[in-house]
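Geometric and topological summary
Each chain, written out:
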Amino acid sequence: MSSPLIDADPRTVYLVDYQPYPFVLDQVHLTFRLAPRATRVLARLSFAPNPLRPGRHDLRLNGEKLTLISALVDGRKVVPAVDPEGLTIAAGDLPPGGFVLETEVEISPETNTALEGLYMSKGMYCTQCEAEGFRKITYYPDRPDVMARFFVRLEGAMPVLLSNGNMVAQGEGWAEWDDPWPKPAYLFALVAGDLVAHPDRFTTKSGREVALNIWVRPGDETRCAWGMQALKASMTWDEDVYGREYDLDIFNIVAVDDFNMGAMENKGLNIFNSKVVLASPDTATDDDFARIEAIIAHEYFHNWTGNRITCRDWFQLCLKEGLTVFRDQQFSGDMRSHAVKRIEDVLMLRARQFREDQGPLAHAVRPESFVEINNFYTATIYEKGAEIIGMLKRLVGDADYARALDLYFTRHDGQAATIEDWLKVFEDVTGRDLTQFKRWYSQAGTPRLGVHEAWAAGVGGGTYTLTFTQTNPPTPGQPDKEAKVIPIAVGLLNPNGDEVVPTTVLEMNKPVQSFQFTGLSARPIPSILRGFSAPVILERDVPQSERAFLLAHDTDPFNRWEAGRALAKDTLARMVTKGAEPAADLLEGMARLAFDDSVDPAFRALALRLPSDDDMAATLHSVGHVPDPLRIHAAKRDLGLALAKRLAAGLPQLEAACRTDGPFSPDAGPAGKRALRLAALSLLTRLDAGQAAKAAFAKASNMTESFGALSILLENGYGEEELATFGSRWAQDRLVMDKWFAVQVSMAAPDQAAATVDRLTRHPDFDMKNPNRFRAVLGALSANHAGFHHDSGAGYRVLADWLIRLDPLNPQTAARMSAAFETWPRYDADRQGMIRAALARILAAPGLSRDLSEMAGRMRGA
């Protein structure tokens with residue numbers, strides 16, 4: 001259809017400008033006539049005026065890369081004004097009341113390499129519509145507050161035709177699906193392909209029979225059992241803990257190889273990256289099994305926290321993501337170990353979100369503006385958003401949290417909600433004023449918590465006073481900040497190791513605030529921020545002897561681990577900056593913990609893991625040192641060797657004791673033993689030239705031990721023969737080969753990392769169009785801290801080269817991976833200059849996407 005074109009430039013979107021959509025969309029009928037390069041999409045949209053926006057309004061619909069064939073309003077042909085971002089029908093061309101718009105467009109899924117909208121993955125049709133992919137399928141008000149019922153008809157030659165909701169009819173070459181629950185367009189999904197199902201069933205507490213399917217390519221059926229087990233466990237848990245039942249007759253999961261994200265919670269039809277749903281003992285590690293369990297839970301939990309209640313606009317993204325991350329963290333803790341899960345979550349938070357908060361990409365959990373919403377699917381939205389939920393639960397208590405959630409589900413079911421709606425249910429349940437707490441949503445940056453202690457002996461017992469000072473450092477666009485509400489979980493121990501004050505939550509709401517503990521027989525040793533009760537940086541000068549005491553005696557598992565971690569960081573910092581020797585307190589404390597059979601093996605494995613290079617760079621930078629990546633790398637190797645020598649006598653026995661015999665189980669117990677075994681092997685390899693690790697690789701009966709032993713060997717400069725064996729064995733398995741690609745880069749010597757990337761990107765199995773493979777190689781480069789930041793600048797250059805190549809094909813993945821450059825202000829002038837030059841080269845690339853342009857511009861402008 002011939003239509004006039006109007007130019008439309010990318011623009012910044014502001015939260016303050018939000019207005020309801022002028023029309024209510026009640027019913028959507030879609031027909032897809034599938035063809036690889038010429039899919040026709042017929043849409044029938046039933047509109048009515050929105051009483052919240054009185055008056056006459058133009059009809060504005062989003063649409064990108066669509067060929068408009070026809071448009072009818074109530075059966076009458078219209079000629080919309082079309083531009084690169086959508087179409088407009090003037091108010092004068094619309095009836096004064098309700099009307100039906102019918103459009104037909106043509107799209108080309110096969111050439112859609114951005115993997116947004118409708119695209120093809122190795123012959124399979126699939127979709128990804130969050131956040132704004134639906135506009136690449138048909139003209140539509142593509143915003144989360146427009147919720148409608150969808151009826152979908154699929155026509156095509158594929159044997160399996162899937163969409164949202166319940167299947168209501170099917171025949172040869174067609175199927176019809178009806179979703180009775182109103183949803184925004186970002187939750188739409190379509191899959192068509194040659195697939196086989198791994199089926200099961202689930203009966204809800206109210207007696208609804210639900211058919212469950214995991215759809216995969218032929219040959220992958222044997223890797224679905226764990227995903228199905230995780231799905232059923234998630235459904236049971238959500239009923240038991242949150243009282244939420246599933247609400248359709250069928251729940252489908254589809255595994256897709258080419259996918260930008262981990263998974264997507266489309267109503268009734270979850271689409272998963274194959275790597276986070278397919279697992280078997282010989283192809284997946286324990287970490288893979290745990291990740292699959294958590295991600296399947298996360299996407300299923302979205303059925304209520306994201307689908308039944310969605311977000312009003314994309315500024316409220318943390319409402320669905322932060323809450324759902326918190327729920328999946330609770331679930332994983334219940335399925336495994338709460339202590340270990342909390343440590344793992346904090347490690348991720350500090351590695352990803354604290355880093356984000358302290359750099360040029362810092363933004364509020366609810367940002368005020370964006371250019372490209374895809375750039376805000378960040379650790380701040382997800383992980384920090386979850387921490388805010390956790391703080392709120394600590395402040396109000398378990399009972400009031402449960403009451404508030406029940407009210408939230410009752411009050412807002414079927415709605416597109418806001419942060420204000422979320423906090424209001426807690427205010428109504430508890431009577432609290434959460435105005436100050438709300439600052440966690442609006443202020444970027446990581447608060448710093450200073451501590452001063454005072455002790456006064458007395459006849460009736462001493463008084464111990466803790467005075468806290470909170471500072472909220474400036475971040476881009478937010479130079480000044482007000483005090484937040486910070487829950488500080490504290491316990492006190494006597495010098496003999498007895499706990500005299502159990503965990504108590506102190507509520508700090510002032511810039512400086514003191515709390516007293518009275519009636520104490522002796523000056524206590526404080527255990528502060530137990531369970532990591534708030535996402536802050538604790539600034540307190542602690543003698544090594546006190547850290548060693550807490551490592552030995554603290555009853556809070558997180559703070560016990562934290563004491564060991566802090567000892568290791570203190571030791572590494574002195575080794576890097578002063579050339580000091582490894583601290584005896586650290587080595588002795590680690591030795592006691594490593595061989596303490598009363599402690600969970602998974603906890604011991606975590607405790608033996610040294611801080612990452614990036615963590616040490618951030619630590620050194622925070623106290624005024626310019627981090628040298630190569631010196632950090634060398635210091636870690638020296639400390640690892642010292643720890644290995646201290647534990648040497650017991651390591652062979654520890655490694656042997658942690659071998660798991662019998663059938664493989666991914667459950668927490670045996671997985672923890674395997675983790676501790678690999679920790680012991682890692683230390684042994686520093687002493688025996690890799691002999692124990694080579695034997696472990698040769699005898700390994702599962703991927704955890706096979707890949708773990710291979711990684712250890714490569715990290716220590718051995719393993720070329722084992723690498724070749726691994727690659728030959730798994731050459732036809734695309735997910736295992738991602739590991740083969742990644743481990744070579746992540747374990748490469750610093751001066752060889754960029755060259756390893758060059759070599760692997762010339763490998764015939766490297767496919768830059770596949771996000772998993774691209775991330776396996778280029779993501780591993782940025783994870784190799786000393787290699788990426790090698791003083792030659794080769795790491796910066798090769799990453800910039802590949803981002804420039806990828807951007808025209810897949811802007812979303814290119815933009816997300818560019819965040820590797822965000823820490824450049826930490827480093828010396830030479831490295832800063834090289835990173836800024838790399839960013840300038842990216843920004844100068846012709847036709848740069850707004851995704852990558854926004855990210856590179858924000859980083860370079862720091």
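Residues numbered from 1 in each chain as written. Predicted model: local features only at pLDDT ≥ 70, side-chain atom pairs only at ≥ 80, totals over all residues. Heavy atoms only, no water.

**Quick look at the overall build of the chain**
- What the chain contains, in helices and strands, is 27 helices and 31 strands.
- Against the globule reference of 29 Å for 862 residues, the chain gives a C-alpha radius of gyration of 28 Å, in line with a compact fold.
- Oriented by its inertia axes, the alpha-carbon framework of the chain measures out at about 85 × 65 × 60 Å.
- Relative to its full complement of 862 residues, the chain shows a buried share of 60%.
- Across the chain, every contact between residues at least 6 apart in sequence was considered, and the portion connecting residues at least 24 apart equals 71%.
- Carbon and sulfur atoms form 51% of the exposed surface of the chain, whose accessible area is close to 31800 Å².
- Averaging the locations of the 94 positively and 112 negatively charged side chains of the chain gives two centres separated by 2 Å. (Helix = DSSP H or I, 4+ residues; strand = E, 2+ residues; numbered from the N terminus. Rg over C-alpha atoms; globule rule 2.2 N^0.38 Å. Buried < 20%, exposed > 50% of the residue type's maximum accessible area, 1.4 Å probe, protein only. Contact = heavy atoms within 4.5 Å. Areas by Shrake-Rupley, 256 points an atom, 1.4 Å probe, with all protein chains shown as cover. Lys, Arg positive; Asp, Glu negative; His and termini not counted. Charge placed at Lys NZ, Arg CZ, Asp CG, Glu CD.)

**As for the confidence of the model for the chain**
- Mean pLDDT over the chain works out to 97, with 99% of the residues at or above the 70 mark.
- In the predicted structure, residues 1-9 sits below a pLDDT of 50 and forms 27 contacts with residues beyond four places in sequence or in another chain. (pLDDT = per-residue confidence, 0-100.)

**Structural notes on the packing of helix α20 (residues 734-746) against helix α22 (residues 771-783)**
- In the contact formed by α20 and α22, the axes pass within 8 Å of each other and the chain directions differ by 15 degrees. With respect to their mutual orientation, α20 and α22 come out roughly parallel. Both α20 and α22 take part in a crossing whose hand is right-handed. On α22, the residues touching R734, L735, M737, D738, F741, A742, V745 and S746 of α20 are N772, R773, A776, V777, A780 and L781.
- Considering only residue class, the contact of α20 with α22 consists of nine nonpolar, two polar and three charged. (Axes fitted to C-alpha atoms, helices over the stretch in contact; angles between N-to-C directions. Parallel < 35°, antiparallel > 145°, perpendicular 65-115°, else oblique. Left-handed = near helix turned anticlockwise from the far one by under 90°. Nonpolar A, V, L, I, M, F, W, Y, C, P; charged D, E, K, R; others polar.)

**A short note on the packing of aromatic side chains**
- Within the structure shown, the criterion is met by 43 aromatic pairs.
- Summarising the aromatic geometry, the rings of F289 and F664 are spaced 5.6 Å apart at their centres and angled 40 degrees between planes, so their arrangement reads as tilted. Within this pair, whereas F289 is found in helix α2 (residues 286-301), its partner F664 is found in the loop between α15 (651-657) and α16 (668-688), the two being separated by 375 residues in sequence.
- The class of F289 is buried, set by a relative accessible area of 3%.
- Here the aromatic rings of W304 and F409 are separated by 5.7 Å at their centres, their planes lie at 75 degrees, and the arrangement is edge-to-face. Of this pair, W304 sits in the loop between α2 and β22 (310-311) while F409 sits in helix α6 (residues 398-412), placing them 105 residues apart in sequence.
- Of note, R327 hangs over the ring of Y242, and the distance from its end group to the ring centre comes to 4.6 Å.
- Across from the ring centre of F707, 5.8 Å away, lies the NZ or CZ of K739, which sits over that ring. (Phe/Tyr/Trp six-rings, centres within 6.5 Å; stacked < 30°, edge-to-face > 60°. Lys NZ or Arg CZ within 6 Å of the ring centre and 35° of its normal.)

**Digging into the sheet that holds strand β31 (residues 537-539)**
- Read across the open sheet, the four strands follow the order β29-β26-β25-β31; overall the sheet is mixed. At either margin of the open sheet sits one strand with a lone partner, and together these are β29 (512-520) and β31. Geometrically, the sheet is characterised by an average inter-axis angle of 25 degrees between neighbouring strands, direction not taken into account.
- Bridge count for strand β25 (residues 448-456) against β31 is three bridges, and the pairing is parallel. In the sheet register, L449 faces β31, and the bridge partner there is L538. (Pairing = 2+ DSSP bridges.)

**Some details on the side chain of N164**
- Mapped onto the elements, N164 comes out in the loop between β13 (160-163) and β14 (166-171).
- N164 gets classed as buried once you look at its relative accessible area, which sits at 2%.
- Only 2.9 Å separates the side chain of N164 from the backbone nitrogen of A189, close enough to count as a polar contact.
- A polar atom in the side chain of N164 sits 3.0 Å from the backbone oxygen of K267.
- Ignoring anything within four residues of it in the chain, the contact list for N164 reads W177, D178, D179, K183, L187, F188, A189, N266, K267 and L269. (Polar contact = N/O pair within 3.5 Å; in protein donor to acceptor, adjacent residues only side chain to side chain.)

**Points about the sheet that holds strand β17 (residues 196-203)**
- Pairing within the open sheet is mixed, and its five strands lie in the order β17-β18-β19-β21-β20. The sheet terminates laterally at β17 and β20 (263-264), the two strands that pair on one side only.
- In terms of strand pairing, β17 meets strand β18 (residues 209-216) through eight bridges, oriented antiparallel. Bridging across to β18, P199 finds its partner in N213.
- Against the sheet, helix α1 (residues 225-242) contacts β17, β18 and β19 (250-256), and its axis sits at roughly 25 degrees relative to β17.

**Notes on helix α13 (residues 613-622)**
- Within α13, eight of the ten residues are buried, which leaves the element mostly enclosed by the surrounding structure.
- Inspection of α13 places D613, D614, D615, M616, A617, A618, T619 and L620 among the buried residues, and these make up the whole buried set.
- Taken together, the buried residues of α13 touch α4 (338-357), α10 (557-578), α14 (629-647) and α23 (785-788).
- Count one or two residues on from α13 and you reach G624, which has phi positive near 95 degrees.

**A short note on the pairing of strand β8 (residues 86-89)**
- Where strand β4 (residues 59-62) meets β8, four bridges bridge the pair, whose relative direction is antiparallel. Counterpart to L59 in the pairing with β8 is I89.
- Bridging between strand β7 (residues 81-83) and β8 involves three bridges; their strand directions are antiparallel. Looking at β8, one finds that A81 is bridged to T88.
- Counted along the chain from β7 to the antiparallel partner β8, the turn is two residues long.

**Here we look at the pairing of strand β11 (residues 124-128)**
- By the criterion of burial, β11 is predominantly enclosed, with five of the five residues buried.
- Here β11 shows a buried face lined by M124, C126 and Q128 and a second buried face lined by Y125 and T127.
- Bridge analysis of strand β10 (residues 117-121) against β11 gives five bridges, and the strand direction is antiparallel. The residue of β11 that forms the bridge with G117 is Q128.
- Taking the residues that link successive antiparallel strands as the turn, the β10-β11 hairpin has two residues, and the phi of K122 there is positive, at about 50 degrees.
- Note: β11 against strand β16 (residues 190-193), two bridges, orientation antiparallel. Note on β16: the bridge partner recorded for Y125 is A192.

**Overview of the packing of α6 against helix α7 (residues 419-430)**
- Close contact between α6 and α7 brings their axes to 9 Å; oriented N to C, the two are set at 125 degrees. Classified by the angle between their axes, α6 and α7 sit oblique to one another. The chirality of how α6 crosses α7 is right-handed. Across the interface between the two elements, D400, Y401, R403, A404, L405, L407, Y408, R411 and H412 from α6 touch D421, W422, K424, V425, F426, D428, V429 and T430 from α7.
- Residues of the contact of α6 with α7, tallied by class, amount to nine nonpolar, two polar and six charged.

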